[in-house]
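Close look at the chain arrangement
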2 protein chains.
Amino acid sequence: MTEYETFDLGDFTLQHGGTLPGAVLAYKTYGELAPDGSNAIVFPTWFAGTHLANEWLIGAGRALDTDRYFVIVPGLFGNGLSSSPSNTAVPNDRGRFPNVTMHDNVSAQHRLVTERFGIERLVLVTGASMGAGQAYQWAVSHPDMVERVAPMVGSPRTSPHNQVFLEGIRAALTADSAFSDGDYDDQPRAGLRAFSRVYAGWGLSQAFYWERLYEQLGFATLEDFLVGFWEANFSDWDANDLLAMIWTWQHADVGLTPGFDGDTVAALASIKARALVLPSERDLYFPPQDEEWSVQHMADARLRVIPGIWGHLAGGGADPEAAVFIDTALRELLAQR
Amino acid sequence: MTEYETFDLGDFTLQHGGTLPGAVLAYKTYGELAPDGSNAIVFPTWFAGTHLANEWLIGAGRALDTDRYFVIVPGLFGNGLSSSPSNTAVPNDRGRFPNVTMHDNVSAQHRLVTERFGIERLVLVTGASMGAGQAYQWAVSHPDMVERVAPMVGSPRTSPHNQVFLEGIRAALTADSAFSDGDYDDQPRAGLRAFSRVYAGWGLSQAFYWERLYEQLGFATLEDFLVGFWEANFSDWDANDLLAMIWTWQHADVGLTPGFDGDTVAALASIKARALVLPSERDLYFPPQDEEWSVQHMADARLRVIPGIWGHLAGGGADPEAAVFIDTALRELLAQR
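Since this is a predicted model, take the numbers as computed values, not measurements.

What follows is about the overall build of chain A. A count of helical and extended segments in chain A gives 10 helices and eight strands. For 337 residues, the compact-globule estimate of 2.2 N^0.38 gives 20 Å, and the C-alpha radius of gyration of chain A, at 19 Å, lies within 12% of that figure. Taken over the C-alpha atoms alone, chain A extends approximately 50 × 50 × 45 Å along its principal axes. Summarising the internal contacts of chain A: among those between residues at least 6 apart in sequence, 71% fall at separations of at least 24.

Moving on: the relation of the copies chain A and chain B. Its rotation angle being 180°, the transformation that places chain A on chain B also includes 0.0 Å of axial translation and leaves an RMSD of 0.0 Å. The two molecules are tied by a two-fold rotation axis, judged by turn and shift. Most of the interface of chain A is mirrored in chain B, where 97% of its interface residues are also at the interface.

Right, let's talk about the pairing of strand β7 (residues 274-277) of chain B for a bit. Residues in a regular strand point their side chains to alternate faces of the sheet. All names here are of chain B. Neither face of β7 is open: one carries R274 and L276, the other A275 and V277, and all of them are buried. As defined by bridge partners, strand β6 (residues 148-152) adjoins β7 across two bridges and the pair is classed as parallel. Its bridge partner lying in β7, R148 is registered against R274. Inspection of the sheet shows β7 paired to strand β8 (residues 301-303) by three bridges, in the parallel sense. Along β8, the bridge assignment pairs V277 with L303. With helix α9 (residues 288-296) bridging β7 and the parallel β8, this β-α-β connection has right-handed handedness.

Let's shift gears to the sheet that holds strand β5 (residues 124-128) of chain B. Either a parallel or an antiparallel arrangement is found when strands of a sheet pair, and the pairing is made through backbone hydrogen bonds. Residues and elements named next belong to chain B. Strands sit in the order β1-β2-β4-β3-β5-β6-β7-β8 across an open sheet of eight strands; the sheet is mixed. In this open sheet, the two strands that pair with only one neighbour each are β1 (5-13) and β8. Across the sheet, the mean angle separating the axes of adjacent strands is 20° when strand polarity is ignored. Pairing analysis gives three bridges linking strand β3 (residues 40-42) to strand β4 (residues 70-74), with the strands arranged parallel. By the bridge assignment for β4, V42 is matched with I72. Of the strands in this sheet, β1, β2 (19-30), β3 and β4 are in contact with helix α1 (residues 102-116), which crosses β1 at around 120°.

Turning our eyes to something else, we now look at the sheet that holds strand β1 (residues 5-13) of chain A. Residues and elements named next belong to chain A. Read from one edge of the open sheet, eight strands run β1-β2-β4-β3-β5-β6-β7-β8, paired in mixed fashion. Pairing within the sheet leaves two strands with one partner each, and these edge strands are β1 and β8 (301-303). When the angles between neighbouring strand axes are averaged without regard to direction, this sheet yields 20°. For β1 and strand β2 (residues 19-30), the ladder comprises seven bridges, and the chain directions are antiparallel. Bridge pairing links D8 to V24 in β2. The strands that helix α9 (residues 288-296) touches are β7 (274-277) and β8; relative to β8, the one it contacts most, it runs at about 160°. In this fold helix α10 (residues 320-335) packs onto β5 (124-128), β6 (148-152) and β7, with an angle of close to 165° to the strand it touches most, β6.

To continue, consider the domain arrangement of chain A. Residues and elements named next belong to chain A. Examined at the domain level, chain A breaks down into domain 1 (5-158 + 254-335) and domain 2 (162-245). If you average the C-alpha positions of domain 1 and of domain 2, the two centres end up 23 Å apart. In this complex, domain 1 contributes 23 residues to the contact, which on the side of domain 2 involves 21 residues. Per-class residue counts for the side of domain 1 that touches domain 2 are 12 nonpolar, nine polar and two charged.

Here we take up α9(B). Residue and element names in this part refer to chain B. Within the sequence span of α9, burial applies to D290, E291 and S294. The buried residues of α9 occupy one face: seen down the axis, they fall within an arc of 90°. Buried residues along α9 sit against α8 (264-269), β7 and β8.

A separate point is the confidence of the model for chain A. Taken over all residues, the pLDDT of chain A has a mean of 97, while the share at 70 or more is 99%. Across the interface, the model reports ipTM at 0.96; the global pTM reads 0.97.

This part covers the environment of A:V295. All names here are of chain A. Following the sequence through the fold, V295 ends up in helix α9. Given 16 C-beta atoms within 10 Å, V295 falls into the partly exposed group. Residue contacts for V295: discarding those within four places in its chain leaves V277, A301 and L303.

Cut-offs and rules
Residues numbered from 1 in each chain as written. Chains lettered and ligands numbered in written order. Predicted model: local features only at pLDDT ≥ 70, side-chain atom pairs only at ≥ 80, totals over all residues. Helix = DSSP H or I, 4+ residues; strand = E, 2+ residues; numbered from the N terminus. Rg over C-alpha atoms; globule rule 2.2 N^0.38 Å. Contact = placed C-beta atoms within 7 Å. Least-squares fit on C-alpha atoms with pLDDT ≥ 70 in both. Buried ≥ 20, exposed ≤ 12 C-beta atoms within 10 Å, placed from the backbone. Pairing = 2+ DSSP bridges. Right-handed = clockwise from strand over helix to strand, strands pointing away. Axes fitted to C-alpha atoms, helices over the stretch in contact; angles between N-to-C directions. Domains from an automatic or database assignment. Nonpolar A, V, L, I, M, F, W, Y, C, P; charged D, E, K, R; others polar. Arc of directions from axis to C-beta. pLDDT = per-residue confidence, 0-100.

Structure (structure tokens):
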């Protein structure tokens, strides 16, 4: 049994001019495609995640109901299953993996959706964090194809503060001399550990820690949580893969879509999809204030702030109450014509 | 001309049991001590700062008015001027420098104030960030001596989230193998750079970056700001000194004052000083919500939130409007009997 499937992109031309020979998109589908192709949803993965991290929202009786919808979860380039530094042949391997944009990711996903499945319209594109960035990119790149878009805990353009957060984790990871400019034999363990510990402060709110909610996740002490949750979460990731995804994240901006010449506002204004934007109340690197700005510039957009103190992780199903909020919100969006 | 003076503590006994032989407190005074000793203010330094970082609040016509008050600025242990890993003799040098608490710092400062200057009462103890922690500690350790206390952008106990922030910068600094467990010949440059870049995300608010206020500080681009402000700020610091101060910060809790047996609330309740607590509205690691909690547990405390989007740095005079707010607030506190 295969955990996921792959779509061969051949020699895939990138926005920044290079080519990724033998590029592959990993994906998994859930549910059955209707004969007329009218029930498809695209739900791209987030930073350092595979399709597995999306499954909490998918299934019979859930918002992304497999009795009703055909859900495609394509993996972000760099996630270790789609083309990534860790699985690409010389000379595009490791630190030589080319720079891939959000636009490139969505171009590849568009080929998967149209060429493999013959789908012409999408009921919904949704995603969390970098998945939200891809959802925004879908709505800008293919305005007549995307009926609804629901970006969760993400943004159409990586904000300056978010850039600084990413510079921090990048510098922490690469401060380890074992990183060796990406040509390591063994993973840079100290760098990955620092990366994880820095990430821990950003991934959840101050109040989450004040209330010691990590105890609800089964961790007796703060140190147990840092080791057992954060270090464990990133310890299996390849450092070059993480850096490739960070590059994509740092350069995310729907204004950089061909035709918009860097104008993010114009790109947002071009979206025809009905948008439901779902930031998390206490998200420290995608704060809801930024998404108030995004909503202002779309023709048919509504903001609903996910309540609670789980910060960014609220977008990943970790908080049961936030999970119900998101499930309900998506259900309502899907019920609208 | 000496930039600062020193007070010899001799063999200084520490709260955790060890002794720091030949311990020294660096300090600087401003203004003249009244013959009856009735006009003294103590204003301890913050993390990675010397007396120079405090001078924006001190001087004729400022809140800490040198025409009226005698201001003593004692340096935190580990700040490179007071006893620190970088200036202490073998065998207490470098990574072998003993663990020093907030209580130890205030014990040393108390000796300076009483033994060198014969001061019996303090008009005010104030400080920002770790300086606020020392101000709280003064009010708990010497309740009958401290008339007013004004902790700015700090807390009486390092919160769990703040612990995580500190774990992040600590891990980033020590991920550089050049750190060599503290026995480096040259500073761990990559580690210091990572430390600085991680710190950059925490020191100011998301909105500061969104509004590109670093341009007001003379930096044309975000990268210029990261290099010219943050990396430059920490590049002259000794890694072991930074780690010694981080240890003090992570273990800060007025409840650990002898006699309180870990009870932070009881320690706060024992404060007799009139307290004016000044958190910054958008501080990411000392959020104002935490200080609402602190104020609830003191007998005579008022909370005034410093408005604006300069985050933690608002407590250091970087934002002109916040500087006026703080100056005015301290002036009003000093005018109260």
